[in-house]
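Single-letter residue listing:
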Amino acid sequence: METAASDTAGSGRDVAVKGEAAIKPEFLTTKEKFHGFVDSEWQGSKGEQASDNGTVEETKEACVEEPEAKKLKLDPEERTKGWKQDGKRLRGQNKSRPHTKPTTYDEKRLCLSVIQANRECPFGDKCHFYHDVAEYMSSKPADIGESCYLYDTFGKCAYGLSCRFAKAHTTPDFKTMENTDLVKACEGKNPVKNSLSKDLQNCLRKRSVSFKKSAEYLKTLSNNRDNKQQQGNGEACVAKVSADPTGAEQRVATEGETQSSPDKPPPVKTVGPLTDADVIKLRQCEKKQVDFRDKLYLAPLTTCGNLPFRRVCKRFGADITCGEMAMCTNLLQGQQSEWALLKRHESEDLFGVQVEGCFPDTMTRCAELINNNTDVDFVDINSGCPIDLVYKKGGGCGLMTRTRKFEQIVKGMNYVLDVPLTVKIRTGVQEKSNIAHKLIPEMKNWGVSMITLHGRSREQRYTKLADWDYITTCSKLASPVPLFGNGDILSYEDAMKARETGVSGIMIARGALIKPWIFTEIKESRHWDISSSERLDILRDFTNFGLEHWGSDTRGVEKTRTFMLEWLSFMCRYIPVGLLERVPQKINERPPYYMGRNYLESLMASQNVGDWVRISEMLLGPVPKNFNFLPKHKANAYK
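Looking at an unreviewed UniProt entry, the protein chain carries the name tRNA-dihydrouridine(47) synthase [NAD(P)(+)], with the source organism given as Lates calcarifer. Within the UniProt record for the protein chain, the comment given under Cofactor (unreviewed entry) is "FMN". Taken from UniProt, the Sequence similarities (unreviewed entry) comment for the protein chain reads in full: "Belongs to the dus family. Dus3 subfamily."

Written out as structure tokens, the structure reads:
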């Protein structure tokens, strides 16, 4: 058990495969031997784990086998063998993933009126939930553990009897206990900010929220558009009159029409002539100043970049954190699920939100809404999102090719915000046609406070390495505006090389998902040979943060599990430093099949989703009978 690799010494491959990480030969093994070892050890330790958790339910196994290892490029005839009949290849993002409702794993819940001190149920006999505590407790799934993180941290658990750790704070007669001292210590404290209030949600749904600043800016846009149209008509008339000298009086009248009336007041009070810059641009002294330079920036990561994960990264030294990409239209409609992406934990001392949109009116209103109702340090525009759903509507990468709209969006958001506005872009849309270097000088004039450049195009996605030479060129063009580089950072050596290019800071995305302790490695300039037990402790912290964020009832537990499995689909790519023949590991190198230095290290190296579920069961108990999980990419699935 302690030296799992010793049994397979000499059975590995002596020749390294192209595209795979170089691992010491004594740890290499084959796919069959790897899964044979993991499965046999798990079956042997299953009884022990079940007794530790106080459960006797058997652990499920994956019914879908792990796919074959990624192959090198083949000839066209060989390449089409694995394709479907319609000629489309089974690969890429799984866009038709089944959506599992939160209530799926909790068939009949305890009524909220019973959980909250037995108050009277407002629905009476029509209520669909349990009111008989004894009946509910008889059908409730077994508790997961002996101690409740919420009770130990805050002195009480808001989920009461429905908590999956209820035995820690429940008396034999089903009464919920409280730790008075802890409750008093936490009284008045709210560790999470930017929640959507019911009043604001109702106002947004009724479209009764006032957007005064946005209206001012959009009015200037329409006035400018009208003036340009009139000027165009006037020039056409002048050209016509020059051909016909008898129309002099008509020409004078037309030119007079294009002049604005002297009695008409300007849109804002000014001294001297009014210009567009006076109307649109806020003075820098009115904006909050943020020092972005020389900081480590955790990228806004869809799905995986949730609040519990950001808390984990903050512990390891991330300086800047940002919420997941939020759609501006959904925020304006008051959608609870979209507003949840703006939530900020008290540990996030430098926090921003990222919004996506493609029209000046909605983006400007959304910026004003965020400015007036949330506590953020900056707002980021996502103009680098490559997915079709966003790009085809003109958002994400699409903004890079719609510079006029892009300019109107940036200037409008700058006009209504009291915090800095940042932009995240890619090198371009097409692989061999970079356009970022043309946009960056213009964005400086628009008033952007920081630019983040991902060194790949939309077309390229994650094929090939990020172009850091191009990032170097762009960072010089951006000066004095800070420019952060992003792409392929997985070790402190990668970070040091990136800093040598002259960028103001580094954004880390996949590297943080694979190894969240990368921030510590960069700050301490070392390779951390982290043990499997330490990595399990990181997952345990994530579990506790998830239960605090999503809840400790069945719904919260399974939501935490789902997000943990999404994260494990990246974390399994990490190869321990002590096993590598060449340090450091590169982000584009696939891990071959290898045995870890103990069973847990081997289990964490598995790319089979069934083994990820086993890891989640160590922390969150057995999965429900109807549990299924399909990762974002068509690698494998669990049913």
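(A) Region of interest: the overall build of the protein chain. What the protein chain contains, in helices and strands, is 25 helices and 11 strands. Counting across all 639 residues of the protein chain, residues that qualify as buried make up 50%. Long-range pairs, those at least 24 residues apart, make up 71% of the contacts in the protein chain with a sequence separation of at least 6. In the structure as shown, the protein chain presents an accessible area of about 32,400 Å², 50% of it carried by carbon and sulfur atoms.

(B) Looking closely at helix α22 (residues 532–550). Between its terminal C-alpha atoms α22 stretches 26 Å, which fits the 27 Å expected from 19 residues at 1.5 Å a residue. Among the residues making up α22, those that are buried are S532, R535, L536, I538, L539, F542, T543, F545, G546, L547, E548 and W550. Where α22 is buried, its residues touch α5 (149–154), α11 (307–315), β5 (344–345), α23 (554–571), α24 (599–604) and α25 (609–620). Looking one or two residues past α22, G551 carries a phi angle of roughly 115 degrees, positive in sign.

(C) Structural detail: the state of the cysteines. Applying the stated criterion across every chain, the model contains zero disulfides. In this model C385 remains outside any disulfide bridge; the closest cysteine sulfur is found in C397, 7.3 Å from its own. For C385, a relative accessible area of 9% puts it in the buried group.

(D) Molecular detail of the UniProt feature "zinc finger region: C3H1-type" (unreviewed entry) in the protein chain. The sites that carry the UniProt feature "zinc finger region: C3H1-type" (unreviewed entry) are, in the present numbering, residues 105–134 and 147–172. From the first C-alpha to the last, residues 147–172 spans 16 Å; its make-up is 23% helix and 0% strand.

(E) Seen up close, empty space enclosed by the protein. In this structure the tally under the stated criterion is two cavities of 30 Å³ or more. In terms of lining, the largest cavity is formed by L490, S491, K515, H527, Y574, I575, V577, L580, V583, P584 and Q585. Class assignment for the residues of the lining of the largest cavity results in seven nonpolar, three polar and one charged. Approximately 30 Å³ is the volume attributed to the second largest cavity. Taken together, R535, L568, M571, C572, M604, W612 and I615 make up the full set of residues lining the second largest cavity. Each residue belonging to the lining of the second largest cavity can be placed in one class, and the counts come to six nonpolar, no polar and one charged.

(F) Spotlight on the confidence of the model for the protein chain. With 77% of its residues at a pLDDT of 70 or more, the protein chain shows a mean pLDDT of 81. Across the protein chain, the secondary-structure element scoring lowest on mean pLDDT is helix α9 (residues 248–258), at 37, and the one scoring highest is α11, at 97. Scored below 50 in pLDDT, residues 1–15 makes 33 contacts in the model with residues more than four places away or belonging to other chains. Contacts from residues 49–76, a stretch scored under 50 in pLDDT, to residues over four places away or in other chains number 42 contacts.

(G) Structural view of the environment of L477. Position of L477 relative to the elements: it lies in helix α18 (residues 468–478). Counting along the chain gives 40 residues from L477 to H437, while the straight-line C-alpha distance between them is 7.2 Å. Once residues lying within four places of it in the same chain are set aside, the contact partners of L477 are H437, I440 and K444.

(H) Structural detail: α11. By the criterion of burial, α11 is predominantly enclosed, with eight of the nine residues buried. Within α11, burial applies to L307, P308, F309, R310, R311, V312, C313 and K314. N-cap assignment for α11: the residue whose side-chain oxygen lies 3.1 Å from the backbone N of F309 is N306.

(I) Region of the structure containing the packing of α11 against α22. Following both chains from N to C, one finds α11 and α22 inclined at 135 degrees, their axes separated by 8 Å at the closest point. Classified by the interaxial angle, the pair formed by α11 and α22 is oblique. Along this stretch, α11 crosses α22, giving a crossing that reads as right-handed. Across the interface between the two elements, L307, P308, F309, R311, V312 and R315 from α11 touch I538, D541, F542, F545, G546, E548, H549 and W550 from α22. Considering only residue class, the contact of α11 with α22 consists of eight nonpolar, two polar and four charged.

(J) Molecular detail of the pattern of salt bridges. Taken as a whole and judged by the stated rule, the model has 27 salt bridges. Between K523 and D319 there is a salt bridge, and its shortest N-O distance comes to 2.8 Å. Of this pair, K523 sits in helix α21 (residues 518–524) while D319 sits in the loop between α11 and β3 (321–322), and the two are 204 residues apart along the sequence. Residue D319 is classed as buried on the basis of its relative accessible area of 19%. The network of salt bridges with common partners includes K193, K288, R344, D375 and D377.

What counts and what doesn't
- Residues numbered from 1 in each chain as written.
- Predicted model: local features only at pLDDT ≥ 70, side-chain atom pairs only at ≥ 80, totals over all residues.
- Heavy atoms only, no water.
- UniProt positions renumbered as here; feature names shortened; annotations may be inferred.
- Helix = DSSP H or I, 4+ residues; strand = E, 2+ residues; numbered from the N terminus.
- Buried < 20%, exposed > 50% of the residue type's maximum accessible area, 1.4 Å probe, protein only.
- Contact = heavy atoms within 4.5 Å.
- Areas by Shrake-Rupley, 256 points an atom, 1.4 Å probe, with all protein chains shown as cover.
- Expected span 1.5 Å × (residues − 1).
- Disulfide = S-S within 2.5 Å.
- 1 Å grid on protein atoms, 1.4 Å probe; cavity = no way out; pocket = protein on both sides within 12 Å on 5 of 7 lines; lining within 4 Å.
- Points joined across faces, edges and corners; volume = space filled by probe spheres on them.
- Nonpolar A, V, L, I, M, F, W, Y, C, P; charged D, E, K, R; others polar.
- pLDDT = per-residue confidence, 0-100.
- Polar contact = N/O pair within 3.5 Å; in protein donor to acceptor, adjacent residues only side chain to side chain.
- Axes fitted to C-alpha atoms, helices over the stretch in contact; angles between N-to-C directions.
- Parallel < 35°, antiparallel > 145°, perpendicular 65-115°, else oblique.
- Left-handed = near helix turned anticlockwise from the far one by under 90°.
- Salt bridge = Lys/Arg side-chain N within 4 Å of Asp/Glu carboxyl O.

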